[in-house]
Amino acid sequence: MIEIRQLHKNFGSLEVLKNIDLTVSAGEVTVIMGPSGSGKSTLLRCINRLEEITSGTVIVDGYDVTDKATDINFIRTEAGMVFQQFNLFPHMTTLGNVTLGPLKVRKMNRKEAENLGRELLAKVGLKDKADTYPDHLSGGQKQRVAIARALALKPKVILFDEPTSALDPELVGEVLDVMKQLGREGMTMVVVTHEMGFAREVADRVIFMDEGVIIEEGPPEEIFTHPRHERTRSFLGKVI
Amino acid sequence: MGTGFEFKFSVIWESIPILLTGVKLTIFITAFGLLMGFLLGTTTGLMKISRNPLIRRLGGFYIESVRGTPLMVQVMFIYFGLPLAIGTRIPPIVAGITAIGINSGAYIAEIVRGTFQSIERGQTEAGRSIGLTHFQTLYYVIWPQAFKRMIPPLGNQFIISLKDTSLLVVVGVGELTRTGQEIIAANFRAFEVWLAVAVMYFIMTMSIAKVLNIIERRLEI
């Protein structure tokens, strides 16, 4: 589904990603962990080219993301994204947020798009919030709308960039529940998060990053109980 | 010791019909000038945030040269200077509208640029992440939010431009200030007539402020 080869990313003279190789298969849930500044969010944003990569290749569903001939807007409908700060459109209702993509990108007619939108809002438990503006939603509700917005394009993979980091602790659960359900339904997901419980429950694989490189990767149990690398150990010691 | 001055209300009363013809022209020039300024300002404001450095510099050149020169000089240049170069006279009203349009356009451009840039980066990223093109993101996501923030500074610019039309006396456009001058030339009642002219400008600028206030409240969710 996603193939990353020898990816390098520089911000000016600072190298934030150093020779990353990563393959994500269809239906797989991959969790990326690591201290802040380790490059995990940047790596995620290189997959749908919100960041231009410096060198290497990123292939999503068979399309080379960095190739000028590739329609990047198409890639972005294939690889949806959920942001830490939700980034809902404040001037639109939740239904408006969810249907914008289907209407303008997928060129669906309004009735179809609204049916799809309501269906997805119901899926994330916000059936009765269709006509509410984002300002009147809690953080957890906002993030669930954002997930519905990403799902509306029927993407093949969803990229989650610290989806629960901006939430009050008591709201984290409702967002994770939606994500767990997606994982169980077979959605391919790449999730940057520090939620161990989530990783344990649904991740097929945990990747630990530090200073722009992948330090180690493996099934969650193995990484959490027998980390091979000292840096992984010290990081896990801090977050548990 | 008296000045011999006696306020005559009848003078104001009698001037009103003539002054109103000036008001009409002032509104006409302001409206079309601002329409032109808005189109010009939106275009050049967006040019200023283009990713292409040449387009950015082009927009910047227009904004800087207009902001860096007095409106009076711009009016004179358009009315007296330009016809020599293009070989045809420009009617005073057209020159007036053009001058107000070009002048307000530069300030509106800065308003457009500022408000567009004030919308959080995450909004653009969210728009692009659902597959919208750069232009669609600007149109459906950024523009509606930026427009709301534009209203107070735009209102300010509308008021400034309306008052700026009084400078068009120098090219003989019969707007409000010019009509006032003409009445005074005939009756020498400067006190009453300028007072009446001032009140009429004040009513117009207050109306703009009020209308924008209403629009702003309507857009509040």
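What you see is a predicted model; the values in this text were computed from it and never measured.

Draft legend 1. View of the overall build of chain A. When its secondary structure is counted, chain A shows nine helices and ten strands. For chain A, whose C-alpha radius of gyration is 18 Å, the value lies close to the compact-globule estimate of 18 Å for 240 residues. A sequence separation of at least 24 residues applies to 64% of the contacts in chain A between residues at least 6 apart. Counting only carbon and sulfur atoms, one obtains 47% of the accessible surface of chain A, whose full area is about 10100 Å².

Draft legend 2. Looking closely at the packing of helix α2 (residues 53-67) of chain B against helix α4 (residues 92-118) of chain B. All names here are of chain B. Contact pair α2 / α4: the axes reach a minimum separation of 9 Å and the direction vectors enclose 120°. Viewed along their axes, α2 and α4 adopt a mutual orientation that is oblique. As for the relative orientation of α2 and α4, their crossing is left-handed in sense. From α2, Tyr-62, Ile-63, Val-66 and Arg-67 reach across to α4, where they touch Gly-101, Ile-102, Asn-103, Gly-105, Ala-106, Tyr-107, Ala-109 and Glu-110. Grouping the amino acids of the contact of α2 with α4 by side-chain chemistry returns seven nonpolar, three polar and two charged.

Draft legend 3. Inspection of the interface of chain A and chain B at higher detail. Contact with chain A, which involves 24 residues of that partner, is made by 18 residues of chain B. Carbon and sulfur atoms supply 61% of the area that chain A and chain B bury against each other, a total of about 1800 Å² over both sides. For the pair chain A and chain B, the interface holds one salt bridge. Between A:Arg45 and B:Glu125 there is a salt bridge, and its shortest N-O distance comes to 2.5 Å. Put simply, chain A and chain B have six residue pairs in polar contact (both at pLDDT 80 or more) between them. Only α2 (72-78), β6 (79-82) and α3 (94-104) of chain A provide two or more residues apiece to the side of chain A that touches chain B. Considering each element in turn, the side of chain A that touches chain B owes the most residues, four residues, to α2(A).

Draft legend 4. Broad picture of helix α5 (residues 121-129) of chain B. Residues and elements named next belong to chain B. Within α5, seven of the nine residues are buried, which leaves it mostly tucked inside the rest of the structure. Listing the buried residues of α5 in full gives Gly-122, Gln-123, Glu-125, Ala-126, Gly-127, Arg-128 and Ser-129. A positive phi of about 95° marks Gly-131, the residue just after α5.

Draft legend 5. Structural context of the sheet that holds strand β3 (residues 29-33) of chain A. Residues and elements named next belong to chain A. The six strands lie next to each other as β6-β7-β8-β3-β9-β10, forming an open sheet whose pairing is mixed. The open sheet terminates on both sides in strands that have one partner only, identified here as β6 and β10 (213-218). Across the sheet, the mean angle from the axis of one strand to that of its neighbour is 20°, orientation sign disregarded. Relative to β10, strand β9 (residues 205-210) runs antiparallel, the two sharing five bridges. When the sheet's bridge partners are listed, Asp-210 is paired in β10 with Val-213. Lying on the sheet, helix α5 (residues 139-151) is in contact with β6 and β7 (157-161); it crosses β6 at an angle near 170°. Each of β3, β9 and β10 touches helix α9 (residues 230-239); the most contacted strand, β9, lies at about 100° to it.

Draft legend 6. Summary view of the sheet that holds strand β5 (residues 63-64) of chain A. Residues and elements named next belong to chain A. Read across the sheet, four strands follow the order β2-β1-β4-β5 without closing on themselves; strand pairing throughout is antiparallel. In this open sheet, the two edge strands, each paired with only one partner strand, are β2 (14-24) and β5. Alignment of strand β4 (residues 55-60) against β5, held across two bridges, turns out to be antiparallel. Across the sheet, Ile-59 pairs through a bridge with Asp-64, a residue of β5. Together, β1 (2-11), β2 and β4 form the strand contacts of helix α1 (residues 40-47), whose direction differs from that of β1 by roughly 120°.

Draft legend 7. A look at the confidence of the model for chain B. Model confidence for chain B is summarised by a mean pLDDT of 94, while 99% of its residues fall at 70 or above. Two numbers describe this predicted complex: its pTM, 0.84, and its ipTM, 0.91.

Draft legend 8. Broad picture of the pattern of salt bridges. Residues and elements named next belong to chain A. According to the stated counting rule, one finds 29 salt bridges over all chains in the structure shown. In this structure, Arg-5 and Asp-21 form a salt bridge, with 3.6 Å as the shortest nitrogen-oxygen distance. Here Arg-5 is found in strand β1, whereas its partner Asp-21 is found in strand β2, with 16 residues between them in sequence. For Asp-21, a relative accessible area of 36% puts it in the partly exposed group. For Glu-162, the salt bridge is made with Lys-40, and the minimal N-O distance between the two is 3.8 Å. With Glu-162 in the loop between β7 and α6 (169-184) and Lys-40 in helix α1, this pair connects stretches of sequence that are 122 residues apart.

About the criteria used
- Residues numbered from 1 in each chain as written.
- Chains lettered and ligands numbered in written order.
- Predicted model: local features only at pLDDT ≥ 70, side-chain atom pairs only at ≥ 80, totals over all residues.
- Heavy atoms only, no water.
- Helix = DSSP H or I, 4+ residues; strand = E, 2+ residues; numbered from the N terminus.
- Rg over C-alpha atoms; globule rule 2.2 N^0.38 Å.
- Contact = heavy atoms within 4.5 Å.
- Areas by Shrake-Rupley, 256 points an atom, 1.4 Å probe, with all protein chains shown as cover.
- Axes fitted to C-alpha atoms, helices over the stretch in contact; angles between N-to-C directions.
- Parallel < 35°, antiparallel > 145°, perpendicular 65-115°, else oblique.
- Left-handed = near helix turned anticlockwise from the far one by under 90°.
- Nonpolar A, V, L, I, M, F, W, Y, C, P; charged D, E, K, R; others polar.
- Buried area = accessible area lost by both parts, 1.4 Å probe.
- Salt bridge = Lys/Arg side-chain N within 4 Å of Asp/Glu carboxyl O.
- Polar contact = N/O pair within 3.5 Å; in protein donor to acceptor, adjacent residues only side chain to side chain.
- Buried < 20%, exposed > 50% of the residue type's maximum accessible area, 1.4 Å probe, protein only.
- Pairing = 2+ DSSP bridges.
- pLDDT = per-residue confidence, 0-100.

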